[in-house]
Amino acid sequence: MVFADPGEAVARARGVLDADPSPWRASVAHQVIGIWQRDWGDMKVALHHLRRARDLAARAQSPDREADVLAALGVALVHAGRTRQGLEALERGVAVSSGHTRARVLFRRAYASWVLGRHREALEDVRRAIPVLRQADDVIWTARALTLRATVHLALGAVDRAEADFTAAHAQWDTTGQEHDKADVVESRGLAAFRSGDIPLALRLLDEAEERYAKLGTPSFMLYIRRCEVLMAAGLAPEALAEADTAIGALDEIGGQSTRKAELLLVAARAARLAGDAHTAIARAALAVRLFAAQRRTWWETHARLVLIEAQVAAGRGSGRLVADAAAVAGLLASFGAPAAPEASLLAGRIALGLGWTADAERHLAVAARSRHSGPPLARMTGWAAQALRARASGSGRGVLEACRRGLDVLDDHRMTLGASELRARATEQGAELAALAQQASLDTGSPRRLLTWSERWRATVLSAPPTRPPADPALLGTLTAFREIAARAEEARWDGRSIPALEREQRRLEREIRSRTLHMRGDAPGAERRFDPARLLERLGETRLVELAVLDGRVQVLLCGQGRVRRFETGLLADAETEAEHVQAGLRRLAHPGAEGRLAVVEAMGRRLEELLLGPAAAHLGSGPVVVVPPSRLHRVPWALLPSLRERVLSVSPSASSWLRAHETEPPPGGRHVLVRGPGLATGGAEVPELADRYGRPALLEHDDARVPRVLHELDGAALAHIAAHGTFRADSPLFSSLRMADGPLIVHDFERLDRSPYRIILSSCDTARLASVGADELLGLVTALLPLGTAGVVASSAPVNDAAVVPLMLALHKGLSSGLSLAESLRDARAAMPGDALHQATGWAFTAFGAA
């Protein structure tokens, strides 16, 4: 009962102890309380009860009772870090038991071996136990043994065997009322899905397991560990680190299992390293190594040493000693049959290359490269990365490009199984090294066209295909509605100056639920994606010049495309340009308020410095026609119209050349339907909207109570032109919750992704609607990038705070150009030229950017 209804089991056990029981019955009661405390409470209390149960079993002179308690005590001692004592108790349990009871004891010893990382010993014990348990028709313990064997298979990388055992165990559990064990097998199947590369299914199963545990009131620290692993693979390392730290704190608070604390420290170290915090990773990994060593858990200790070495290298501590350490770790992992062995060999090879030890590097990289043809996607990626480094060390540029192509193809296929655009974007981080190696090899060949091809190969890939539409899930739609209501109430309270902690907590809870359901979405099967063709781009450009900025070794490379050729120019450092761009943003924020005329010259000077850093000598070769700028994600906040050579041009911005091509070739929808939306709370009341309504005759006009999210989405779907005047909010912490304020609450990015086709052209006339979050290798998440894959060919939006009053004449001038047949970029250029020359209006014009090609 302790694994079917834990609370009821403990209550009954205490009732037994209150009734002056016999030694045998008292032993059972103490064992139940001990097991509950061992798995979900205080280890000291657990050991007290289990030792008491052991002594009472001895008094009862029941060898099977004593063996059963010794097995539970042995597992508890192992979890408490007292490995020798725990194994001795388990050995004694095996020795004094027989038959059916011995099979149950063997199962517990197998479990302890799995905790210790002794996987072959675990398999041997569980192999001996299963036939006896089946013969005794012991459904519960047979299902437990199958679940454990599956989990051990996963640790050894045998995913198919694991899935077969999980399926068999699941069939057995369905005939029982063991709710905690059922939750455990759901959790373990989530791990199996992760190991096979199915991240959406893994997240769904882990969330289901968490719901089951919550109903039982039993925390599962192993669940936290497994979810952290999946989050890291999905590119969500900061979230994984936060979750691991929270779990460590909760475990310490209850005095829980020492073994789980060590495992949580290991996962926290990995998350910190992936999040770029090498020093935190070193501290956590070093502590994990010490704990695992004290617990005599060599398998785990070796994995912790791998993370420690990776973190030391990330902190710039590469040395010959670390080559030897990484090689030793790789050897141990290979002897264990651990799937991480190629990763350790790749690490040893990388460090050796950095030291110039080419022979040693080749030896280690050759071992790592063996994994490139089999296994889950990330293991094959490791192999192809090793193969690319081998080719670079041998001077084979062609070999580097072939290995990078093959590795990125693997990741492409994996990425397209992910339905959520956020996961697709973050997954690209796994390919960043291969993309950089390919770009450097292309640069070394001296071919700008090849460098352009590889710059496009891993840029803004999340826009290469529409995201999977969120399912018509009533629960999700209900949660979105509840989120809007709570968010609207919270915003209203903030405006009134009231304290709203309860509303904010509920808003965060609903955001987590929406995000969780979205991350569960599976992507479509990998399809034949059209590869980027430089010749096709050059043909479509005509008189337009496309300026793609690539970054190699921290320096900006300008690839100027036009007139049938691609030319390369080297300019400034990316870090300098980022710093200058932040200064420009601060200047534009100041100019958005009256009385800042004196800052105008300063901001213009910043624009000249930015041009030197970003365009350099290429600025003199832009010709006189339209210009499309394709910046890296880290430069998405540059107000390009501020640069002197671009200020009076027809200028648009695109996340990639491929994205611009798709927008250029997108046909407008039939009918030419116009939609005007006016949200609440604008300083001018959205004053341009009534005038635009008169200009366009009979557009769909949504304002006041009509400007509610469901109605707005209905009208936006398939429109030719949409103009939305509404307060914009950018969420750097969660970019897909960036929003536009409607009458019933926020219209968020997740809402836009439910459109069958977003408007062909869309104008967002409020602050910060063009702000985006840089994630993954070179990806952007936000309002604009949500629209571009959904059928929108052009967007006008602001990357900075703007003055509402100054926006009105700019928008009216912009629509005047559109009415005369101009594109968004042409209309925006003319609208800027028509604005007064004062600082307020000039800054407003610079803050807006035309994206795409419509």
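Described in the following lines is the structure provided in the data block.

Calculation criteria
Sequence positions are assigned chain by chain, starting from 1 and proceeding in written order. Reporting in this predicted model follows two pLDDT cut-offs: at least 70 for local features of residues, and 80 or more for side-chain atom pairs to be given and counted; totals over whole chains, interfaces and linings ignore these cut-offs and use all residues. Side-chain numbers here rest on the full set of heavy atoms in the structure, without hydrogens or water. We count a stretch as a helix when DSSP gives it H or I for four or more residues in a row; a strand needs E for two or more, and each element gets its number in order from the N terminus. For the radius of gyration, the atom set is restricted to C-alpha positions; the globular benchmark scales as 2.2 Å times the number of residues to the power 0.38. Note on classification: 1.4 Å probe, protein chains only; a residue is buried when its accessible area is under 20% of the maximum for its type, exposed when over 50%, partly exposed between these limits. Here a residue-residue contact requires only that any non-hydrogen atoms of the pair lie within 4.5 Å. Only the protein chains shown count as cover for residues, with accessible areas throughout obtained via the Shrake-Rupley method and a probe of 1.4 Å. Charged-residue counts in this description rest on Lys and Arg as positive and Asp and Glu as negative, His and the chain ends being excluded. The atom standing in for a charge is NZ when the residue is Lys, CZ when it is Arg, CG when it is Asp and CD when it is Glu. At least two bridges found by DSSP between two strands are what make those strands a pair. Pairing of aromatic rings covers Phe, Tyr and Trp, the last counted by its six-membered ring, and requires centre-to-centre distances within 6.5 Å; plane angles under 30 degrees mean stacked, over 60 mean edge-to-face, and any other angle means tilted. Geometrically, a charge over a ring is one whose NZ (Lys) or CZ (Arg) sits within 6 Å of the ring centre while staying within 35 degrees of the ring normal. Salt bridges, as used here, are contacts in which a Lys or Arg side-chain nitrogen is within 4 Å of a carboxyl oxygen on Asp or Glu. Lines fitted to C-alpha atoms define the axes, with helix axes restricted to the stretch in contact, and inter-axis angles between N-to-C directions lie between 0 and 180 degrees. Convention used here: angles under 35 degrees read as roughly parallel, angles over 145 as roughly antiparallel, angles from 65 to 115 as roughly perpendicular, and any remaining angle as oblique. By convention, the crossing between two helices is left-handed when the near helix turns anticlockwise from the far helix through less than a right angle, and right-handed when the turn is clockwise. Only Asp, Glu, Lys and Arg are considered charged, only Ala, Val, Leu, Ile, Met, Phe, Trp, Tyr, Cys and Pro nonpolar, and every remaining residue, Gly among them, polar. Note that the arc is computed from the directions linking the helix axis to the C-beta atoms. Residues belong to one nonpolar core when they are buried, are Ala, Val, Leu, Ile, Met, Phe, Trp, Tyr or Cys, and are joined through side-chain atoms within 4.5 Å. Take the number of residues in a helix, subtract one, and multiply by 1.5 Å to get its expected span.

Some thoughts on the overall build of the protein
Then comes step 1: Looking only at helices and strands, the protein has 37 helices and 16 strands in total.
Then comes step 2: For 854 residues, the compact-globule estimate of 2.2 N^0.38 gives 29 Å, and the protein sits close to it at 31 Å.
Then comes step 3: With the C-alpha coordinates of the protein rotated into their principal frame, the extents come out at 100 × 65 × 50 Å.
Then comes step 4: Each of the 854 residues in the protein was classed as buried or not, and the buried ones make up 58%.
Then comes step 5: Counted over contacts in the protein with a minimum sequence separation of 6, partners at least 24 positions apart contribute 70%.
Then comes step 6: Within the structure as shown, the protein displays about 32900 Å² of accessible surface, and the carbon and sulfur contribution to it stands at 50%.
Then comes step 7: The distance from the centre of the 107 positive side-chain charges to the centre of the 101 negative ones in the protein is 4 Å.

What to know about the side chain of Q37
Then comes step 1: Residue placement: Q37 occurs in helix α2 (residues 23-40).
Then comes step 2: Discounting residues that sit within four places of it in the chain, Q37 has contacts with D42, V45 and A46.

Overview of unusual backbone geometry
Then comes step 1: You will see that D20, though not glycine, has its phi angle at about 50°, which is positive.
Then comes step 2: By the element assignment, D20 lies in the loop between α1 (6-17) and α2.
Then comes step 3: The phi dihedral of Q563 falls on the positive side, at around 55°, and the residue is not glycine.
Then comes step 4: For Q563, the position within the fold is in the loop between β2 (555-562) and β3 (565-573).

Focus: the pairing of strand β6 (residues 674-678)
Every regular strand shows the same layout, with side chains that alternate between the two sheet faces.
Then comes step 1: Here β6 lies mainly inside the structure; four of its five residues are buried.
Then comes step 2: The pairing of β6 with strand β8 (residues 721-725) spans five bridges and is parallel. Looking across to β8, one finds that V675 is bridged to A722.
Then comes step 3: Two strands pair when backbone bridges link them, and β6 and strand β7 (residues 700-703) are joined in this way by four bridges, in the parallel orientation. Bridge pairing links R678 to E703 in β7.

Re the packing of aromatic side chains
Centre-to-centre distance and the angle between the planes together describe a pair of aromatic rings.
Then comes step 1: For the structure on display, the rule yields seven aromatic pairs.
Then comes step 2: Each ring, one from Y111 and one from W114, has its centre 5.6 Å from the other, and the planes form 50°; the classification is tilted. In this pair, Y111 and W114 are both assigned in helix α6 (residues 99-116), three residues apart and thus about one turn of the helix distant.
Then comes step 3: With a centroid separation of 5.0 Å and an interplanar angle of 80°, the aromatic rings of W299 and W300 are classed as edge-to-face. When sorted by exposure, W299 lands in the same class as W300, which is buried.
Then comes step 4: Among the aromatic residues, those joined into a ring-pair cluster are F3, W36 and W40.
Then comes step 5: Stacked on the ring of W141, the Lys or Arg R144 has its end atom at 4.8 Å from the ring centre.
Then comes step 6: Positioned above the aromatic ring of W384, the side-chain terminus of R372 is 5.3 Å from the ring centre.

Describing the pattern of salt bridges
Then comes step 1: The tally for this structure, following the rule as stated, stands at 50 salt bridges.
Then comes step 2: A salt bridge links E124 to R127; its shortest N-O distance comes to 2.6 Å. Residue E124 and its partner R127 are located together in helix α7 (residues 119-135), separated by three residues, close to a single helical turn.
Then comes step 3: Here E263 and R297 are joined by a salt bridge, their closest N and O atoms 2.4 Å apart. One end of the pair, E263, is in helix α14 (residues 258-274); the other, R297, is in the loop between α15 (278-294) and α16 (298-314), and 34 residues separate them in sequence.
Then comes step 4: For E263, a relative accessible area of 1% gives the class buried.

Here we look at the packing of helix α29 (residues 600-614) against helix α37 (residues 839-847)
Then comes step 1: Running from N to C, α29 and α37 cross one another at 30°; their axes reach a closest spacing of 10 Å. When the axis of α29 is compared with that of α37, the two are roughly parallel. For the pair α29 and α37, the crossing hand works out as left-handed. Contact residues: α29 offers L600, V603 and E604, while α37 offers A839, Q842 and W846.
Then comes step 2: When the residues that make up the contact of α29 with α37 are grouped by side-chain class, the tally is four nonpolar, one polar and one charged.

Section: the environment of A162
Then comes step 1: Tracing the chain through its elements places A162 in helix α9 (residues 159-173).
Then comes step 2: Given the relative accessible area of 0%, A162 is considered buried.
Then comes step 3: Taking the C-alpha atoms as reference points, A162 and L146, separated by 16 residues in sequence, lie 9.0 Å from one another.
Then comes step 4: Sequence-distant contacts of A162, that is, excluding residues within four places in its chain, are made with A150, H153 and L154.

What about helix α32 (residues 709-716)?
In an α-helix, one turn spans 3.6 residues; hence positions three or four apart end up facing the same way.
Then comes step 1: For α32, the complete set of buried residues consists of V709, V712, L713, E715 and L716. Around the axis of α32, the buried residues are gathered within 165° of arc, so they sit on the same side. Opposite the packed face of α32, turned more than 90 degrees from it, sit the exposed residues P710 and H714.
Then comes step 2: G718 sits one or two residues past α32 and shows a positive phi near 80°.

A word on the side chain of R260
Then comes step 1: Positionally, R260 belongs in helix α14.
Then comes step 2: Excluding residues that lie within four positions of it along the chain, R260 makes contacts with H79, Y111, W114, F221, M222, I225 and L251.

Digging into the nonpolar core
Then comes step 1: If you look at the biggest cluster of nonpolar residues, it comprises 147 residues, and the most contacted ones within it are L264, L333 and C404.
Then comes step 2: Listed in part, the 96 residues of the second largest apolar core include A596, L613, L713 and L787.

Quick look at helix α8 (residues 139-155)
Then comes step 1: For α8, which comprises 17 residues, the first-to-last C-alpha distance of 25 Å matches the rise-based estimate of 24 Å (1.5 Å per residue) to within 8%.
Then comes step 2: In terms of residue burial, α8 counts as a mostly covered element, since 14 of its 17 residues are buried.
Then comes step 3: Remark: G157 follows α8 within two positions and exhibits a positive phi of approximately 85°.

A closer look at the sheet that holds strand β10 (residues 739-742)
Then comes step 1: Taken together, the three strands give an open sheet; going across it, the order is β9-β10-β11, and neighbouring strands pair in antiparallel fashion. With partners counted over all chains shown, the strands left at the sheet margins are β9 (728-729) and β11 (745-748), one partner each.
Then comes step 2: Direction of pairing for β9 relative to β10: antiparallel, over a ladder of two bridges. Looking at the pairing, G728 lines up with L740 of β10.
Then comes step 3: Against the sheet, helix α25 (residues 474-495) contacts β10 and β11, and its axis sits at roughly 125° relative to β11.

A look at the pairing of β2
Then comes step 1: Extensive coverage of β2 is indicated by the burial of seven of its eight residues.
Then comes step 2: Linking strand β1 (residues 545-552) to β2, which pair antiparallel, is a turn of two residues; within it D553 sits at a positive phi near 50°.
Then comes step 3: Two strands pair when backbone bridges link them, and β2 and β3 are joined in this way by seven bridges, in the antiparallel orientation. Bridge pairing links C561 to V566 in β3.
Then comes step 4: Linkage of β2 to β3, two consecutive antiparallel strands, is achieved through a turn of two residues, within which Q563 is found at a positive phi near 55°.

A look at the packing of α16 against helix α17 (residues 320-336)
Then comes step 1: Viewed as axis vectors pointing N to C, α16 and α17 meet at an angle of 150°, and their least axial separation amounts to 10 Å. The orientation of α16 relative to α17 falls into the category roughly antiparallel. Like other packed secondary-structure pairs, α16 and α17 cross with a definite hand, here left-handed. Side by side, α16 and α17 meet where T298, W299, T302, H303, R305, L306, I309, Q312 and V313 of the first sit next to L322, D325, A326, V329, L332, L333 and F336 of the second.
Then comes step 2: Here the contact of α16 with α17 is built from residues that sort into ten nonpolar, four polar and two charged.

Some points on the environment of A436
Then comes step 1: Mapping A436 onto the fold places it in helix α23 (residues 432-445).
Then comes step 2: Overall, A436 belongs to the partly exposed group, its relative accessible area being 39%.
Then comes step 3: Taking the C-alpha atoms as reference points, A436 and W458, 22 residues apart in sequence, are found 9.3 Å from one another.

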